Every structure is written in C-alpha cells, then in structure tokens.
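These are the residues of each chain, in order.
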Amino acid sequence: MARRRTARGARTAAVLAAVIALAAAGCSGSGGKESEDKPEQSGGGGEGPGTPRIKIAMVTHSGEGDTFWDIVQSGAKKAAAKDNVEFLYAANKDAKEQAQRVQQYIDADVDGIIVTLAKPEAMRDAVKKAVAAGIPVITINSGAQFSKALGALSHIGQEEMIAGEAVGEELNKRGLKKAVCVIHEQGNVSLEERCAGVKKTFRGSVENLNVEGTNMPSSQSSIEAKLQSGKDIDVVVTLGAPFAAASVKAKEGAGSKAEINTFDLNEEVVKQLKAKQIGFAVDQQPYLQGYLAVDGLWLHKTNANVLGGGKPVLTGPAIITEKDVPALEKYTANGTR
C-alpha cells in the first residue's frame, strides 16, 4: 500500500510532542535502570551514514525494573547512532496501554515501528493499523508465530519453544528430577511457551508457578514458600534474569538445595554463575534484538532490504555456564550482553 503523508507539518510535530509528553507523564516504561515513565531518544553523531534522518519507535511490554529491556535499548541506540535515526521508546506491561502507545506513534507518522507481541491478541489491531498506514513494522522478542500474519517485515528473537526444549535437555544431563518453572507475567505467550518447552523434553516433572513479576519481594516470597512446601524440588527455572537473583535468596530462606537456572543474561547472572549460585543461563542476546531491529528498518527505508526472507531471525538460544564467564564479564558490565 502506498504511504499516505498528508498534513505532516504542524500536525505531525504536535502529535509527536504529545506522545513524548504523555509517556513522560507516566504511560510508558524504560526498563530497569531508569523510571518506567520516561521514553528514550537517541541518534546521530559523527558524520552518519549519509542518509536522511528518520524516526523509529520501539514499544515493548516491559515492566518496571526489568533490566532485560535496558540491554535491548542499548543495542537499538547503538544502531540509531550509526544510522542517523531518532530513536523513540515507550513501554507498558498492560497490553492495551502498549497498543495505545503504538497508535500514538502511528498518529505521529514515524518511519518505522518495533513492537513486541507478548499478548498478540491485544496488539493485533494496532500492528495492522501501522502496516495499513504504510509504516513498516518489525517484531522482536515475543510472538514470532504471529508476526507474519500481522504484516510485519521480520521477527527478531529466539524460538521460545525450542529454547524451553534446550533447557529440558540440559536438566536431563544434570540428572534433575523435579522442576518449578516460574512465570513472572501471566498471559505472556512467550513465557508460557518456554515452560511448555521444558515440559516437552524434561524427563522429570515440571510445575508452573505464577508470581507477581512487578513486585520482586512478593515474587521471592512465593518462590520461597514453594520450596518450603516442596522439599523434593531440585531445580527452579526462572524466565528472566532478575528472578534468578530472587530465587537464589528464596532458596537460602527456604533452606533448599534446589539448583537455580534461568533464561536471559545480565551482569548479576554472570556473577552468580561465577559464584556457582546459578547452574546455567539461556542467552537470547537482547542487544542484538534491539540493534538488528533498528538497523533492519533503516535498511528497509534506504535500500528496500528485508531481514530473514520472511523467516524469524534467531538470536538464541545459547546455554551459558560458568565456563563462559571469562569471555562475557566485560560485556555484561557494559550492558551489551
């Protein structure tokens, strides 16, 4: 569909200003290191690529305190600086609010949108509206199986079921028998797929435990109570790096001997791997997800490229153990792994 750009001048500037003002007032999130309410902007620097400056927006389902999305943004900002892109970021753990942020960027007539599909039904109409308006969309991180049907150019991330299966196989190698899979956001299709993948290949038993992911003390208490009531639980699998740290503390509080393993990587997880507090982590390389998504939209805008040829671009999974710590420490300290 040809892109329609009418009344771009004052109207577009006003709408974009309203988006930024609304996000700053408390309707978006920026991950773990800064306020959940502040959108991020980055881009430019040096001579640039010699292409016109464009605006690319990213809208994710990040909740407050989730450092995973800080790493995604680091990659996106690096690509934005290289490509002469103004990078805009907003997030909300509520899927309806996330969809509204997408609509606001559509109204602002940005040049591309990056979006997560953790709750695809709630995001369906907003993504389709972006595509219908001629705004190219790349999905990242979650909802790969829904991406193409919604008209996205590409999906960048890991196959969550396959990642879960890899975890189940690793648990078998370690001789473990009874697992708890901690889901920190109910209704998130990617998290559910991870636990389903673990169940598919693990020869032991797996029980899902739902916790309140945006309330870490509550999450820790729930995990601790589960370990206290289930003395035969010998492994806890968390689906995000911050919950690995909470599980280590919960294990100590419960007097449990369960092994702690996790999806996703950050500086704290690498330290815990080194200290043998965590057995292994599954790395999906969030830095790459942010970087490739911005770069992919810029390449599509300037050279009509499409990443992946209609297939997902995989950034994981990779099983990381204490043996990998020396090679990763400096990168996790920099916030790029």
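The shown structure was predicted, so the numbers you read here are calculated from the model rather than taken from an experiment. Counting of residues starts from 1 at the beginning of each chain's written sequence and follows it residue by residue. Thresholds applied to this predicted model are a pLDDT of at least 70 for local features of residues and 80 or more for the giving and counting of side-chain atom pairs; totals over whole chains, interfaces and linings are not thresholded and use all residues. The side-chain numbers reported here are obtained from all heavy atoms of the structure, hydrogens and water having been left aside.

**Q** I'm lost on the overall build of the protein chain in this one. Help?
**A** From N to C terminus, the protein chain includes twelve helices and 13 strands. Think of it in three bands: with a 1.4 Å probe and only protein chains considered, a residue is buried below 20% of the maximum accessible area for its type, exposed above 50%, and partly exposed in between. Per-residue burial for the protein chain yields a buried fraction of 53% across its 337 residues. Residue exposure ignores everything except the shown protein chains as possible cover, and the areas themselves are Shrake-Rupley values with a 1.4 Å probe. Carbon and sulfur atoms make up 50% of the accessible area of the protein chain, which totals about 14,100 Å². A run of DSSP states H or I qualifies as a helix once it reaches four residues; a run of E qualifies as a strand once it reaches two. Both are numbered from the N-terminal end.

**Q** What should I look at first to understand the sheet that holds strand β7 (residues 178-183) in this one?
**A** Backbone hydrogen bonds hold the strands of a sheet together, and the pairing may be parallel or antiparallel. We treat two strands as partners when DSSP finds at least two bridges between them. Here we have six strands laid out as an open sheet, ordered β8-β7-β9-β10-β11-β13, and mixed in their pairing. Where the open sheet ends on each side, the last strands, each with one partner, are β8 (205-210) and β13 (318-320). Averaged over neighbouring strand pairs, the angle between their axes works out to 25 degrees when direction is ignored. Working rule for contacts: check all heavy atoms of both residues, and any pair within 4.5 Å makes them a contact. To get an axis, a line is fitted to the C-alpha atoms, and for a helix only the part in contact is used. The angle between two axes follows their N-to-C directions and goes from 0 to 180 degrees. Contacting β7, β8 and β10 (259-263), helix α7 (residues 189-201) runs over the sheet at an angle of about 165 degrees to β8. Along the sheet face, helix α9 (residues 241-254) touches β9 (235-238) and β10 and points at about 170 degrees away from the line of β10.

**Q** Just to check I follow, could you spell out helix α3 (residues 95-107) for this structure?
**A** Counting along an α-helix, one turn takes 3.6 residues, and residues three or four places apart therefore face a common direction. Given the number of residues in a helix, its expected span is that number minus one, multiplied by 1.5 Å. Over its 13 residues, α3 runs 19 Å from end to end, which matches the ideal 18 Å to within 8%, given 1.5 Å per residue. All buried positions along α3 are accounted for by Ala95, Gln98, Ala99, Arg101, Val102, Gln104, Tyr105 and Ile106. The N-terminus of α3 is capped by aspartate 94, whose side-chain oxygen sits 3.1 Å from the backbone nitrogen of lysine 96. Looking one or two residues past α3, aspartate 109 carries a phi angle of roughly 60 degrees, positive in sign. For this analysis, a polar contact is any N or O atom pair within 3.5 Å, provided that within protein one partner can donate a hydrogen and the other can accept it, and provided that sequence-adjacent residues contribute only side-chain to side-chain pairs.

**Q** Sorry if this is basic, but what is going on with the pairing of strand β3 (residues 85-91) here?
**A** A regular strand carries its side chains on alternate faces of the sheet. Across the seven residues that make up β3, a large majority, seven, are buried. Covered by surrounding structure in β3 are Val85, Phe87, Tyr89 and Ala91 together with Glu86, Leu88 and Ala90, the residues of both alternating faces. Relative to β3, strand β2 (residues 54-60) runs parallel, the two sharing seven bridges. Each residue of the ladder has a partner; that of valine 59, found in β3, is alanine 90. Following the backbone out of β2, through helix α2 (residues 68-83) and into the adjacent parallel β3, one traces a crossover that is right-handed. Seen with its strands pointing away from the viewer, a crossover is right-handed when the path leading from the first strand over the helix to the second is clockwise.

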